[in-house]
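Spelled out from the first residue to the last, the chains are:
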Amino acid sequence: ADYANVEPLLRRDLSIREKRWGTKSVSLVPALRNLANCLILQGRVGNESDSLMARAEAILAEVPPEQRKI
């Protein structure tokens, strides 16, 4: 797959979700993880991919365990 071409689409997806649901919504988790994984698959492991994954985990940590389905 050509991850360099997919990356802008994943960034747009995240941006749309943030505008629609805010920056702390559980609806952002898939977009955050997808973008982080895309960066990792491009060999860009580090600050941004780590930050995106950490943000997803922080959002999930606020969701009661019985409501976690992601």
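Up top is the structure.
These figures come from a predicted structure and were not determined experimentally. (Residues numbered from 1 in each chain as written. Predicted model: local features only at pLDDT ≥ 70, side-chain atom pairs only at ≥ 80, totals over all residues. Heavy atoms only, no water.)

Section: helix α3 (residues 47-61)
Part 1: Over its 15 residues, α3 runs 21 Å from end to end, which matches the ideal 21 Å to within 8%, given 1.5 Å per residue.
Part 2: For α3, the full list of buried residues reads Ser49, Leu52, Ala56, Ile59 and Leu60. End-on, the buried residues of α3 take up no more than an arc of 105°, which puts them together on one face. In this structure, α3 carries Asn47 and Ala61 as exposed residues pointing more than 90 degrees from its buried face. (Helix = DSSP H or I, 4+ residues; strand = E, 2+ residues; numbered from the N terminus. Expected span 1.5 Å × (residues − 1). Buried < 20%, exposed > 50% of the residue type's maximum accessible area, 1.4 Å probe, protein only. Arc of directions from axis to C-beta.)

Digging into the nonpolar core
Part 1: With 14 residues, the main nonpolar core has Leu14, Leu28, Val29, Leu32, Leu35, Leu52 and Ile59 as its most contacted residues.
Part 2: Looking at this core, the elements with two or more residues in it are α1 (3-21), α2 (29-41) and α3.
Part 3: When residues of this core are assigned to their parent elements, the largest contribution, seven residues, is made by α2. (Core = buried A, V, L, I, M, F, W, Y, C linked by side-chain atoms within 4.5 Å.)

Describing the packing of α1 against α2
Part 1: Running from N to C, α1 and α2 point in directions that differ by 160°, and their axes come no closer than 9 Å. The angle between the axes of α1 and α2 places the two elements in the roughly antiparallel class. Crossing of α1 over α2 shows left-handed handedness. Between α1 and α2, the residues in contact are Tyr3, Glu7, Leu10, Arg11, Asp13, Leu14 and Arg17 and Pro30, Ala31, Leu32, Asn34, Leu35, Cys38, Leu39 and Leu41, respectively.
Part 2: Here the contact of α1 with α2 is built from residues that sort into ten nonpolar, one polar and four charged. (Axes fitted to C-alpha atoms, helices over the stretch in contact; angles between N-to-C directions. Parallel < 35°, antiparallel > 145°, perpendicular 65-115°, else oblique. Left-handed = near helix turned anticlockwise from the far one by under 90°. Contact = heavy atoms within 4.5 Å. Nonpolar A, V, L, I, M, F, W, Y, C, P; charged D, E, K, R; others polar.)

Considerations on α1
Part 1: In this model, α1 (19 residues) spans 26 Å end to end at C-alpha, consistent with the 27 Å of a helix rising 1.5 Å per residue.
Part 2: Of all the residues in α1, the buried ones are Glu7, Leu10 and Leu14. Buried residues in α1, looked at end-on, bunch into an arc of 70°, giving them a common side. For α1, the exposed residues set more than 90 degrees away from the buried face come down to Asn5, Leu9, Arg12, Lys19 and Arg20.

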